[in-house]
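Fold and contact review
Each chain is listed here by its residues.
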Amino acid sequence: MRNRPTFLVAGLALSLVVLSTALLLAHPLQQSPSTKPQWQITRFENGQPTGAIAESEIPQNLDAAFPAPARGSTVVYRIETIPNSSAPSHAGWFSRRRLSPDDLRTIEFLLLLPPATLLVCVFRNVVGLPSFGTFAPALLGLAFREVQSPLGIFVVLTIITAGWWLRRALNELHLLQVPRTALLLSCVVVMLLILIGATGGSGSRTITLFPLVILTGMIERFWSMEEEGSASSIGTLAATLFMAGCVWLFAVIPAVPAWMLAHPETLGFVMASQILLGRYTGFRLVELYRFRALMNDPEPNQAG
Amino acid sequence: MGWLFGGTRLRQRGVIGINRRNAECILRRNPRASIPIVDDKLMMAELCARIGIPTPRILGVIESHADLESLPEMLADHSDFVVKPARGAGGRGILVVLSRQGNRFRAANGRWIDLYGLRAHASDALTGAFSLRGLADRVLVQRRVRTHPIFAPIAPRGVADIRIIVYRFEPAMAMLRLPTLASNGRANLHQGGIGVGVDLQTGRTHHALFRDKSIDRHPDTGQPILDWTIPQWPTIIDMARKTARAVGLGMVGIDIVIDENEGPLLLEANARPGLAIQLANRSGLRRAMAEIDRDADER
């Protein structure tokens, strides 16, 4: 009875790995020629080069492809073929060239989310760190990446500290839980807006829906956990931020989003790892410490 | 840092970790449909009443915010009681009132709380502030358990409770949890309580753990903790077995207290019992579970 599901799980993980590997290896074939620029077009104004573009097809209207030239100048276009080596060897599934920066950001976020959650799985099930919310660390870490600086951590810490004091004050008002959480969210919004104002708008990229909700949720959880003692809630907060920091460190390596964009089939490996982690029944790192007394005890001579 | 490499040794000693508990015991032995019953203290109390397991008397139930009006009436004749969210997770939201002066109540943590504060607490609990996933909840007001005087020397504050892990409907391991001054009336090990290993056959305490160290005397009273025999032990074991059968969970932690007047009372059942019991007993759960498995397969 125990063997069949194990066999199924291993088979599922294996087939995911095989499928992803196949896709990865087949990749160069997927590359459509149209995504690869073949023509380099250079514009000369009065003999001086003033612009260059690389295109896969020669545009119908060359003038429209460049900014308007200075009045009265003589315009010459030079069209050359690009040798194969100068084109990127992997255009990938999601080509940076064809996506608007906004789309690119969304797709990058989506592609980075599963590996980030895998990281959180490892921290929680193999290391044994506690966190507020299952995937709050992953979302927070990716949100830090959007701000692209330790400013993100600063913003989060400021808001949690201020929010905690606020939550303490709100407690005195004896509000019902749902409106109180809504009020807390409003206050977090006001604080974020003030922070953005203070940083002259540079912090505006912190504002995405996710982190906002996460922050409010974290304050509420932090508060309700305080009952069990500040030490454990501060510990959980520290562990959450630590995990978010690791996710951030992982996601800011430029090669990581680049790889994921070019090879989304990597998600197959991520999913296979998640399946295998779901079957990990060994000790967590923190448990080795927790149960260390049981390692050194003399073996009691009990039955069994 | 030697502990980093002690995993094999722990496994040999039959210690199980959270991952193994979740995968091999809870996912495998605990049918999902049975879990809501143990997670809801009111449903659990009803079930216990049906199968004849004694529980602390319920003085009143608050089902909705409208019921909050009846709170003063409910408490009129009582000066000490416990307010509990029915689905409170991990002992959260439990308010123990020791005494009252008019409409001011002294809580176990030493604070005074007025009727308004009590109402606010119950209101929070109703909206699910303490429940597992923030689900709307009910609140029960229970008679406060008075610990059996035999425990006075080793449980001067709070309530001593007995945790029995029942695996495949047979008791696997037992522990007595004692509150200390440091644990603020609570008996959880990680909050500074004492975990005392109890021999399943005899009900005798054989090992005690306080703050990661083996002890033989209570840190507050200096009284010896070991070699006590818990009164009415066979009754307690029987209650645990019977409750586990009734809830239908193959891996369940049963919490029992001994009241000075009413004897052993079932406090609650837990579908995800903690693993500190192994530390208190200085022994791995897996060994006990293997024995039960062997007996079950022979039958």
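As shown above, the structure is provided for reference.
To start, this report covers the structure provided alongside it. (Residues numbered from 1 in each chain as written. Chains lettered and ligands numbered in written order. Predicted model: local features only at pLDDT ≥ 70, side-chain atom pairs only at ≥ 80, totals over all residues. Heavy atoms only, no water.)

Section: the overall build of chain A
Across its full length, chain A carries 12 helices and 3 strands. Counting across all 304 residues of chain A, residues that qualify as buried make up 39%. When contacts within chain A are restricted to residue pairs at least 6 apart in sequence, long-range pairs at least 24 apart make up 73% of them. Accessible surface computed for chain A: about 16,800 Å², of which carbon and sulfur atoms make up 66%. (Helix = DSSP H or I, 4+ residues; strand = E, 2+ residues; numbered from the N terminus. Buried < 20%, exposed > 50% of the residue type's maximum accessible area, 1.4 Å probe, protein only. Contact = heavy atoms within 4.5 Å. Areas by Shrake-Rupley, 256 points an atom, 1.4 Å probe, with all protein chains shown as cover.)

Considerations on the packing of helix 4 (residues 41-51) of chain B against helix 7 (residues 233-247) of chain B
Between two packed helices, what matters for the description is the angle formed by their axes and the separation of those axes. Residues and elements named next belong to chain B. Between helix 4 and helix 7, the shortest axis-to-axis distance is 11 Å and the interhelical angle comes to 115 degrees. With respect to helix 7, the element helix 4 is oriented roughly perpendicular. The hand of the helix 4/helix 7 crossing is right-handed. The residues of helix 7 that touch helix 4, namely those facing Met44, Leu47 and Ile51, are Lys242, Thr243, Ala246 and Val247. Counted by class, the contact of helix 4 with helix 7 contains 5 nonpolar, 1 polar and 1 charged residues. (Axes fitted to C-alpha atoms, helices over the stretch in contact; angles between N-to-C directions. Parallel < 35°, antiparallel > 145°, perpendicular 65-115°, else oblique. Left-handed = near helix turned anticlockwise from the far one by under 90°. Nonpolar A, V, L, I, M, F, W, Y, C, P; charged D, E, K, R; others polar.)

Comments concerning the interface of chain A and chain B
How big an interface is tends to be expressed through the accessible area that disappears when the partners come together. Taken residue by residue, the interface counts 33 residues in chain A and 40 residues in chain B. The junction of chain A with chain B conceals about 3,600 Å² of combined surface from both sides, 53% of it contributed by carbon and sulfur atoms. Connecting chain A to chain B are 2 salt bridges. A salt bridge links B:Asp124 to A:Arg180, with the shortest nitrogen-to-oxygen separation between them at 3.3 Å. Here chain A is connected to chain B by 7 residue pairs in polar contact (both at pLDDT 80 or more). Contributions of two or more residues to the side of chain A that touches chain B are made by helix 6 (177-198), helix 11 (285-290) and helix 12 (292-296) of chain A. By residue number, the principal contributor to the side of chain A that touches chain B is helix 11 of chain A, which donates 5 residues. When its residues are assigned to classes, the side of chain A that touches chain B shows 15 nonpolar, 8 polar and 10 charged. (Buried area = accessible area lost by both parts, 1.4 Å probe. Salt bridge = Lys/Arg side-chain N within 4 Å of Asp/Glu carboxyl O. Polar contact = N/O pair within 3.5 Å; in protein donor to acceptor, adjacent residues only side chain to side chain.)

Quick word on the sheet that holds strand 6 (residues 139-143) of chain B
Backbone-to-backbone hydrogen bonds pair the strands of a sheet. The strands run either parallel or antiparallel. All names here are of chain B. The strand order across the open sheet built from 6 strands is 1-6-2-3-4-5, with neighbouring strands paired in antiparallel fashion. The outermost strands of the open sheet, each flanked by one partner alone, are strand 1 (58-62) and strand 5 (112-114). In this sheet, adjacent strand axes meet at a mean angle of 30 degrees when their direction is disregarded. The sheet contact formed by strand 2 (residues 81-85) and strand 3 (residues 95-101) spans 3 bridges and is antiparallel. The partner of Phe81 across the bridge, within strand 3, is Val97. In the packing of helix 4 onto the sheet, contacts are made with strand 1, strand 2 and strand 6, and the angle to strand 1 comes to roughly 135 degrees. (Pairing = 2+ DSSP bridges.)

Brief notes about the nonpolar core
One finds A:Leu140, A:Leu142, A:Phe144, A:Val156, A:Ile159, A:Met218 and A:Leu237 to be the most contacted residues of the largest nonpolar core, which totals 44 residues. Contributing elements (two or more residues each) for this core: helix 3 (101-127), helix 4 (136-147), helix 5 (151-171), helix 6, helix 7 (209-226), helix 8 (230-252) and helix 9 (255-262) of chain A. Here this core takes 9 residues from helix 8 of chain A, the largest share from any one element. If we skip the residues at most four places from it in the chain, A:Leu142 touches A:Phe109, A:Leu112, A:Leu113, A:Ala116, A:Val247 and A:Ala251. Counting 40 residues, the second-largest nonpolar core is a separate cluster that includes B:Ile162, B:Leu178, B:Phe210 and B:Ile237. (Core = buried A, V, L, I, M, F, W, Y, C linked by side-chain atoms within 4.5 Å.)

With respect to the packing of helix 3 of chain A against helix 9 of chain A
All names here are of chain A. The contact between helix 3 and helix 9 brings their axes to 9 Å, and the two run at 95 degrees. When the axis of helix 3 is compared with that of helix 9, the two are roughly perpendicular. Of the residues in helix 9, those touching helix 3 at Leu104, Ile107, Glu108, Leu111, Leu112 and Pro115 are Val256, Pro257, Met260 and Leu261. Partitioned by chemical class, the residues of the contact of helix 3 with helix 9 number 9 nonpolar, no polar and 1 charged.

A few points about the state of the cysteines
Under the criterion given, the structure shown has 0 disulfides over all chains. Sulfur of A:Cys121: no disulfide; nearest cysteine sulfur belongs to A:Cys246 and is 14 Å away. (Disulfide = S-S within 2.5 Å.)

A look at the sheet that holds strand 9 (residues 194-198) of chain B
Residue and element names in this part refer to chain B. The antiparallel open sheet is built from 7 strands, whose spatial order is 11-10-9-8-7-12-13. Among the strands making up the open sheet, the edge pair consists of strand 11 (213-215) and strand 13 (263-270). On average, each strand axis in the sheet is inclined to that of its neighbour by 30 degrees, with strand direction left out of account. Pairing of strand 7 (residues 161-167) with strand 12 (residues 251-259) involves 7 bridges; the strand directions are antiparallel. Looking at strand 12, one finds that Asp161 is bridged to Val257.

Thoughts on the packing of aromatic side chains
All names here are of chain A. Overall, the coordinates contain 4 aromatic pairs over all chains when judged by the stated rule. Arranged with centres 5.6 Å apart and planes meeting at 35 degrees, the rings of Phe66 and Tyr77 form a pair that is tilted. Separated by 11 residues along the polypeptide, Phe66 in the loop between strand 2 (48-55) and strand 3 (75-81) and Tyr77 in strand 3 bring together distant segments of the chain. Relative accessible area serves as the criterion here: at 22%, Tyr77 is assigned to the partly exposed category. (Phe/Tyr/Trp six-rings, centres within 6.5 Å; stacked < 30°, edge-to-face > 60°.)

Quick notes on the pairing of strand 9 of chain B
Residues and elements named next belong to chain B. Counting buried residues along strand 9, 5 of its 5 residues qualify, which places the element largely inside the surrounding structure. Side chains Ile194, Val196 and Val198 of strand 9 all project onto a buried face; the interleaved residues Gly195 and Gly197 project onto the opposite face, where all are buried too. Two strands pair when backbone bridges link them, and strand 8 (residues 170-178) and strand 9 are joined in this way by 5 bridges, in the antiparallel orientation. The residue of strand 9 that forms the bridge with Leu176 is Val196. Bridge count between strand 9 and strand 10 (residues 205-210): 5 bridges; the pairing is antiparallel. Across the sheet, Gly195 pairs through a bridge with Leu209, a residue of strand 10. Between strand 9 and strand 10, which pair antiparallel and follow one another directly, the connecting turn spans 6 residues, one of which, Gly203, has a positive phi of 75 degrees.

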